[in-house]
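Listed below, chain by chain, are the residues.
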Amino acid sequence: MADTHVRVEARATAGQAACPGCGCWSGRIHGSYLRFPRDLPTSGKLVVMSLRVRRFVCEADSCSRKTFAEQVPGLTRRFGRRTERLRSTLVSVGLALAGRAGARMSDAFGVRAGTPC
């Protein structure tokens, strides 16, 4: 695995985060979990990322959310399984080539973007 993969382990360290439901800031941590967003290959090697993010408690009584997960700006988005870098690259390939040609180009990058026929 060492010859074909680059392993990246990271964790978010912000002291507080804004609730996506009401916008209130919270520093009360509920817990944490690991995310494994896909990223573009680097130097021809697959990037395996393990990102530890925290769950915060929303302290606003009027908010329907009880907890929410922090996001890393420029790297992740809610419910995203890809990094922003990979997502924007696939969007560019899709807009330029579309369909099967786009899927073949993304395969050349080492990123699977669709199901082959």
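The paragraphs below set out a description of the structure included in this document.

Parameters and conventions
Residues numbered from 1 in each chain as written. Predicted model: local features only at pLDDT ≥ 70, side-chain atom pairs only at ≥ 80, totals over all residues. Heavy atoms only, no water. Patch = residues over 30% accessible without salt bridge, like charges linked within 9 Å, V, L, I, M, F, W, Y side chains within 5 Å. Areas by Shrake-Rupley, 256 points an atom, 1.4 Å probe, with all protein chains shown as cover. Salt bridge = Lys/Arg side-chain N within 4 Å of Asp/Glu carboxyl O. Helix = DSSP H or I, 4+ residues; strand = E, 2+ residues; numbered from the N terminus. Buried < 20%, exposed > 50% of the residue type's maximum accessible area, 1.4 Å probe, protein only. Polar contact = N/O pair within 3.5 Å; in protein donor to acceptor, adjacent residues only side chain to side chain. Contact = heavy atoms within 4.5 Å. Expected span 1.5 Å × (residues − 1).

Moving on, we come to a nonpolar patch on the surface. On the surface, Leu-97, Met-105 and Phe-109 cluster together into a nonpolar patch covering about 240 Å² of accessible area. Within the secondary structure, Met-105 sits in helix α2 (residues 99-109).

Time to look at the side chain of Ser-106. Among the structural elements, Ser-106 can be located in helix α2. Here Ser-106 falls in the buried class, since its relative accessible area comes to 0%. A distance of 2.9 Å separates the side chain of Ser-106 from the backbone oxygen of Ala-103, its partner in a polar contact. Sequence-distant contacts of Ser-106, defined by excluding residues within four places in its chain, comprise Leu-90, Val-111 and Ala-113.

With that out of the way, let us pick up the environment of Glu-59. Mapped onto the elements, Glu-59 comes out in the loop between β5 (46-57) and β6 (67-69). Residues Glu-59 and Ser-26, spaced 33 residues apart in sequence, show a C-alpha to C-alpha distance of 6.7 Å. Leaving out residues up to four positions away in the same chain, Glu-59 has contacts with Ser-26, Gly-27 and Arg-28.

Right, let's talk about helix α1 (residues 84-96) for a bit. Here α1 contains 13 residues, and its C-alpha end-to-end distance of 18 Å stays within 8% of the 18 Å for a straight helix at 1.5 Å per residue. By the burial criterion, the buried members of α1 are Glu-84, Leu-86, Leu-90 and Val-93. Among the structural elements, α2 are those in contact with the buried residues of α1. Downstream of α1 by a residue or two, Ala-98 has a phi angle that is positive, lying close to 60°.

Following the criterion strictly, the structure yields five salt bridges and no others. Notably, a salt bridge pairs Glu-84 with Arg-77, separated by 2.9 Å at the nearest N-O pair. In this structure, the salt-bridge partner of Arg-87 is Glu-84, at a minimum N-O distance of 3.3 Å. Pair noted here: Arg-87 and Glu-84 are both in helix α1, with a separation of three residues, about one helical turn. Look at Glu-84 and you get buried, because its relative accessible area is 16%. Put simply, Arg-77, Glu-84 and Arg-87 are held in one network by salt bridges that share partners.

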